Amino acid sequence: MSHHENGAEHVHDLIKDQRTAMLTTVHDESGALAARPMACQQADPDGTLWFLAFADSEKTDEIRRTPQVNVAFTEEGAWVSVAGTAVVLQDPAKARELWNDFAEAWFQCEPEDPKVAVIRVDGESAEYWDSPGTVGTLVDVLKAKVTGERPDDGENETVSL
């Protein structure tokens, strides 16, 4: 049972400041998966995630074929897996809104350039693991070794977004 009244809000709190995520797409007709690191430009409270990509990239082709994706975030003590549906957009206004120095260096163009695509992931569900932190986990592991009980691995919950 969650200690948080609003699971979606807690998921947002865990990922809102994380910039790197693993985007997993369906690679081909056999169902093989492909995961790649992506810069998450924005995470909205409603579970919508925003990325920028080259419009003609393998990942955008994969999303156009099969829009079901997973986005995984990890940082010390917190892991979040968001399942959802992605769409590739030609949206210069949104690209401009998401644009930053990193995007400019990566794309070597302006956000209005047609080679820049916006990927919007509409999160449908998320599973998170929120541990008590490195020191707390270490103490629990040592205590478990002495008592023979499993360590407290923190909070784990699946929520709808």
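The structure displayed is predicted, hence computed values, not measured ones.

About the cut-offs
- Residues numbered from 1 in each chain as written.
- Predicted model: local features only at pLDDT ≥ 70, side-chain atom pairs only at ≥ 80, totals over all residues.
- Heavy atoms only, no water.
- Helix = DSSP H or I, 4+ residues; strand = E, 2+ residues; numbered from the N terminus.
- Contact = heavy atoms within 4.5 Å.
- Areas by Shrake-Rupley, 256 points an atom, 1.4 Å probe, with all protein chains shown as cover.
- Buried < 20%, exposed > 50% of the residue type's maximum accessible area, 1.4 Å probe, protein only.
- Pairing = 2+ DSSP bridges.
- 1 Å grid on protein atoms, 1.4 Å probe; cavity = no way out; pocket = protein on both sides within 12 Å on 5 of 7 lines; lining within 4 Å.
- Points joined across faces, edges and corners; volume = space filled by probe spheres on them.
- Nonpolar A, V, L, I, M, F, W, Y, C, P; charged D, E, K, R; others polar.

A. A look at the overall build of the protein chain. For the protein chain, the count of helices and strands is five helices and eight strands. Overall, the protein chain shows an N-to-C arrangement of helices and strands of α-β-β-β-β-α-β-β-α-α-β-α-β. In the protein chain, the share of contacts with a sequence separation of at least 24, taken over all contacts with a separation of at least 6, comes to 65%. For the protein chain, the exposed area adds up to about 9100 Å²; of that, 53% sits on carbon and sulfur atoms.

B. Broad picture of unusual backbone geometry. Phi at Gln 108 is positive, roughly 55°, even though this residue is not glycine. Checked against the element boundaries, Gln 108 lands in the loop between α4 (101-107) and β7 (116-130). Judged by its relative accessible area of 63%, Gln 108 is exposed.

C. Representation of the pairing of strand β2 (residues 33-39) within the structure. Burial of β2 is one-sided: the residues Ala 34, Arg 36 and Met 38 facing one way are buried, the residues Leu 33, Ala 35, Pro 37 and Ala 39 facing the other way are not. Sheet topology places strand β1 (residues 20-26) next to β2; seven bridges connect them, and they run antiparallel. The residue bridging Val 26 from the neighbouring strand is Leu 33, located in β2. Counted between consecutive antiparallel strands, the loop separating β1 from β2 contains six residues, among which Gly 31 sits at a positive phi close to 95°.

D. Representation of the pairing of β1. Counting buried positions along β1 yields five of seven residues, so the element is predominantly enclosed. Here three bridges tie β1 to strand β5 (residues 68-75), and the two strands are oriented antiparallel to one another. Bridged to Leu 23 within β5 is Val 71.

E. Structural detail: empty space enclosed by the protein. This structure, assessed with the given rule, holds one cavity of 30 Å³ or more. Each pocket or cavity is described by its volume, and for the largest cavity that value is around 40 Å³. In terms of lining residues, the largest cavity is bounded by Ala 8, Val 11, His 12, Ile 15, Asp 44, Pro 45, Gly 47, Leu 49, Val 82 and Leu 161. For the lining of the largest cavity, the element with the highest residue contribution is helix α1 (residues 7-15), accounting for four residues. Broken down by class, the residue content of the lining of the largest cavity amounts to seven nonpolar, two polar and one charged.

F. Fine view of α1. Taken across its nine residues, α1 has seven buried, putting it largely inside the fold. Looking only at α1, the buried set comprises Gly 7, Ala 8, His 10, Val 11, His 12, Leu 14 and Ile 15.

So yeah, pure geometry; function would need other evidence.
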